[in-house]
Amino acid sequence: MRKSLKDIQKIVTEFTIKPTSEMRSKVLDEALELQKNRKQPSTSDTDRWRIIMKNRTTKYAAAALIMVAVLIGFNVLTPAPAWAIEQTIEALREIKGVYLSGVVYYPGHPKETFEMWARPHSENSSVSGDFRLQEGENHICVASETQNLTFVYTQNPEQGVVYVTEGLNRRCDTFPTGDLFGQFKEMATNWNEEYGKDPETGRDCVFVTFEGPAVNTARYWLLQFDLETKLPVHVSVWFSSDYSGQPHFDFTTITYDPEMGEDLFAFDIPQEAQVVDCREVRQMLDESPDCGIEVENLSIEDACKKVAQEYWQAVIDRDVSKIQHIRPLAVGSEWDRLSVSYETNKPVMLMNIPDMNHLNDPGTFAEVTCILTTQEGKTAKSTLNIEIRQTNRGKIGVVAGVVGPELNIVN
C-alpha cells in the first residue's frame, strides 16, 4: 500500500541518522554520476556503490535517500524516459496521410529536391496504398491501389521512359505507420538517444542515431521525434559513419494528414514516352522453364554485368538461339526488327559498362549502359533493360529489351 506524503515525512523525521549537508552533497554527487553513465554500465559502477555503502560517513545517508525514493515510488537514479519508440508507434496509428519533402543526393550527381505523398493501404495500414514520389523535374513514381499498378517515369535527354509494373512496387515505402520505427530499432546497431531542442522551433525533441543494415551504403541514420506529439519531425540518412557531408536522403518537412485529392495519385502516360511493360517478362521468368541465365550468389551489379556480357557475346557470335534464350521477347517480328539493326551496325566487341541505373528498384528494370565497337570501327552505345529475379529455378537474369535505340552510334 502506497504511503501518504505525511507518513513519509514522519518516517524521515524519526530516522535516527541525521545526514549533514556535506553527506547529502556527497551522496547526490555519486548518484548523479551513476545516472549520467547508466547507458554504459561497467563493473566500476558496482565498485562505486560498494565504496559508498562501506563508508561509515555516507552509508546511512544513502540508505535514507533510497528509502524515501522507494516509499514515494520514484527512482532518483533511473527516471522514466521522456520518450520510447512504442509511444511513436502508437501515435502513428492515428495518421491517415503524410506529405514529405527534402533533398536526395547520389554521389557524382547534383542534389535533387523531392516530394512524397502517401496514404495507408486499405487492408494493411503499415504500408502505403496510394503513393506519389517526385524527384526534381524528371522523375515520377505513382502507385495506385485502385489499379494495383505502379508507374515510374523518367524524362531522359533522348526520350522519356515509363515503366509499368503490377502491384504497388515503390522503391521506398514512406507511410510511417505500424511497426516501421520498431523495425528500425530491431535492425539497428549503436542505437543512441539524446534529448535537446529543435534548432528551428525550440520544441523539446529526442534525437536518435543508429547504424542500419549494410545492404545500403547509406545506412547512418538520424531520427528526430517531437516529445509532445511523439511523431517524427526530421529524418536523415548518410553514407558516412561520422554523419558528415550531404545526406543521401534528408527529409526536412513532414506534414501529417494533409489534404490530398484523388488526381494526385493518377498518372497519364506522356504520348512521346517509351512504355516498358514489365509484367510480361516477369510472368515469363516465373513460369517458363527455359529462359535467362543463372546468377545465383552474385550481387545485383555483378549479375547485371554477367547478363550483359553473355548477351553481347551471343550477338557478336551471331548465336540466335542464345540471344533468344537471354532475351526471350526477341522472337517473331521483334527478332526480325532486331536482326536488321544488328546487321546494319555489327557489334564486334563490348568495350565497357560505364553506368547502371535503377538497381534494386521493384518498379523498373535495371538500366545497364554498354559501350561497343562495330565492324566499321565506330563506337556505339546501347542501354539494356535487365531483370534479375528470384524464381523457383533460382536467381535468374534476362535482357528484357532496351531503353532508346538498339545501337546509338556516338562517333
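Here is a short report on the structure shown in this document. (Residues numbered from 1 in each chain as written. Predicted model: local features only at pLDDT ≥ 70, side-chain atom pairs only at ≥ 80, totals over all residues. Heavy atoms only, no water.)

## Looking at the overall build of the protein chain
Move 1: Regarding its fold elements, the protein chain presents 10 helices and 17 strands.
Move 2: A burial count over the protein chain gives 42% of its 411 residues as buried.
Move 3: At a minimum sequence separation of 6, the contacts of the protein chain that also span at least 24 residues come to 53%. (Helix = DSSP H or I, 4+ residues; strand = E, 2+ residues; numbered from the N terminus. Buried < 20%, exposed > 50% of the residue type's maximum accessible area, 1.4 Å probe, protein only. Contact = heavy atoms within 4.5 Å.)

## Points about helix α5 (residues 85-92)
Move 1: Within α5, the full set of buried residues consists of Ile85, Thr88, Ile89 and Leu92. Take α5 and look down its axis: the buried residues cluster within an arc of 100°, on one side only.
Move 2: On its buried side, α5 packs onto α6 (180-187), β7 (189-197), β9 (220-226), β10 (232-238) and β11 (249-256). (Arc of directions from axis to C-beta.)

## Considerations on the pattern of salt bridges
Move 1: If you walk through the whole model with that rule in mind, you get 17 salt bridges.
Move 2: For glutamate 334, the salt bridge is made with arginine 327, and the minimal N-O distance between the two is 3.8 Å.
Move 3: In this structure, the salt-bridge partner of arginine 389 is glutamate 387, at a minimum N-O distance of 3.7 Å.
Move 4: For arginine 389, a relative accessible area of 25% gives the class partly exposed.
Move 5: Look at glutamate 387 and you get buried, because its relative accessible area is 7%.
Move 6: Beyond isolated ion pairs, a larger network of salt bridges with shared partners links Arg282, Asp286, Glu387 and Arg389. (Salt bridge = Lys/Arg side-chain N within 4 Å of Asp/Glu carboxyl O.)

## What about the pairing of strand β4 (residues 139-144)?
Move 1: Within β4, 6 of the 6 residues are buried, which leaves the element mostly enclosed by the surrounding structure.
Move 2: Going residue by residue along β4, you find His139, Cys141 and Ala143 tucked away on one face and Ile140, Val142 and Ser144 tucked away on the opposite face as well.
Move 3: The pairing of strand β3 (residues 128-135) with β4 spans 5 bridges and is classified as antiparallel. Its bridge partner being in β4, glutamine 134 is matched across the sheet by isoleucine 140.
Move 4: Between β3 and β4, which follow one another and run antiparallel, lie 3 residues, and glycine 136 among them has a positive phi close to 55°.
Move 5: Pairing of β4 with strand β5 (residues 149-155), which is carried by 6 bridges, proceeds in the antiparallel orientation. By the bridge assignment for β5, alanine 143 is matched with threonine 150.
Move 6: Taking the residues between adjacent antiparallel strands as the criterion, β4 and β5 are bridged by 4 residues, where asparagine 148 takes a positive phi near 55°. (Pairing = 2+ DSSP bridges.)

## Side note on the sheet that holds strand β17 (residues 394-409)
Move 1: If you walk across this open sheet you meet the 5 strands as β13-β17-β16-β15-β14, and the pairing is antiparallel. The open sheet has two free edges, formed respectively by β13 (293-294) and β14 (347-357), since each of these has just one partner strand.
Move 2: Where helix α8 (residues 300-316) meets the sheet, it contacts β13, β14, β15 (366-374), β16 (379-391) and β17, and its direction lies at approximately 160° from that of β14. (Axes fitted to C-alpha atoms, helices over the stretch in contact; angles between N-to-C directions.)

## Description of the side chain of threonine 150
Move 1: Note on placement: threonine 150 falls in strand β5.
Move 2: Assessed through its relative accessible area of 0%, threonine 150 is described here as buried.
Move 3: Residues contacting threonine 150, with those up to four places away along its chain left out, are Cys141, Val142, Ala143, Tyr163, Val164, Thr165, Gly167, Leu168 and Asn169.

## A few points about the packing of α5 against α6
Move 1: Where α5 contacts α6, the two axes come as close as 8 Å, and the packing angle between them is 155°. By the angle between their directions, the pair α5 and α6 is classed as roughly antiparallel. Facing α5, whose interface residues are Ile85, Thr88, Ile89 and Leu92, α6 presents Phe181, Gly182 and Lys185.
Move 2: In terms of residue class, the contact of α5 with α6 is built from 4 nonpolar, 2 polar and 1 charged. (Parallel < 35°, antiparallel > 145°, perpendicular 65-115°, else oblique. Nonpolar A, V, L, I, M, F, W, Y, C, P; charged D, E, K, R; others polar.)

## Remarks on the nonpolar core
Within soluble globular proteins, side chains that are nonpolar generally end up buried alongside one another.
Move 1: Trp83, Tyr163, Val208, Phe210, Leu223 and Phe225 are the most contacted members of the largest nonpolar core, which has 47 residues in total.
Move 2: Among all residues touching tyrosine 163, those that are not within four sequence positions of it are Thr150, Phe151, Val152, Val276, Cys278, Gly363, Thr364, Phe365, Glu367, Asn385 and Val403.
Move 3: Grouped together as the second largest cluster of nonpolar side chains are 29 residues, Ile300, Ile326, Trp335 and Val402 included. (Core = buried A, V, L, I, M, F, W, Y, C linked by side-chain atoms within 4.5 Å.)

## Points about the packing of aromatic side chains
Move 1: All told, the structure shown has 18 aromatic pairs when counted by the stated rule.
Move 2: Here phenylalanine 184 and tryptophan 221 contribute two aromatic rings whose centre-to-centre distance is 5.0 Å and whose plane-to-plane angle is 45°, an arrangement assigned as tilted. Of this pair, phenylalanine 184 sits in helix α6 while tryptophan 221 sits in strand β9, and the two are 37 residues apart along the sequence.
Move 3: Look at tryptophan 221 and you get buried, because its relative accessible area is 17%.
Move 4: With centroids separated by 5.9 Å and ring planes inclined at 25°, the aromatic side chains of phenylalanine 249 and phenylalanine 251 adopt a geometry described as stacked.
Move 5: Of the residues examined, phenylalanine 249 reaches a relative accessible area of 14% and is grouped as buried.
Move 6: Judged by relative accessible area, phenylalanine 251 falls into the buried class, the value being 13%.
Move 7: In this structure an aromatic cluster arises from ring pairing among Trp83, Phe181, Phe184, Trp191, Phe210, Trp221 and Phe225. (Phe/Tyr/Trp six-rings, centres within 6.5 Å; stacked < 30°, edge-to-face > 60°.)

## Some thoughts on the environment of histidine 139
Move 1: Looking at the element boundaries, histidine 139 is found in strand β4.
Move 2: Classification of histidine 139 by relative accessible area gives buried; the value is 9%.
Move 3: Through-space distance from the C-alpha of histidine 139 to that of glycine 160 is 9.7 Å; in sequence the pair is 21 residues apart.
Move 4: At 3.1 Å, the side chain of histidine 139 and the side chain of threonine 154 are in polar contact. (Polar contact = N/O pair within 3.5 Å; in protein donor to acceptor, adjacent residues only side chain to side chain.)

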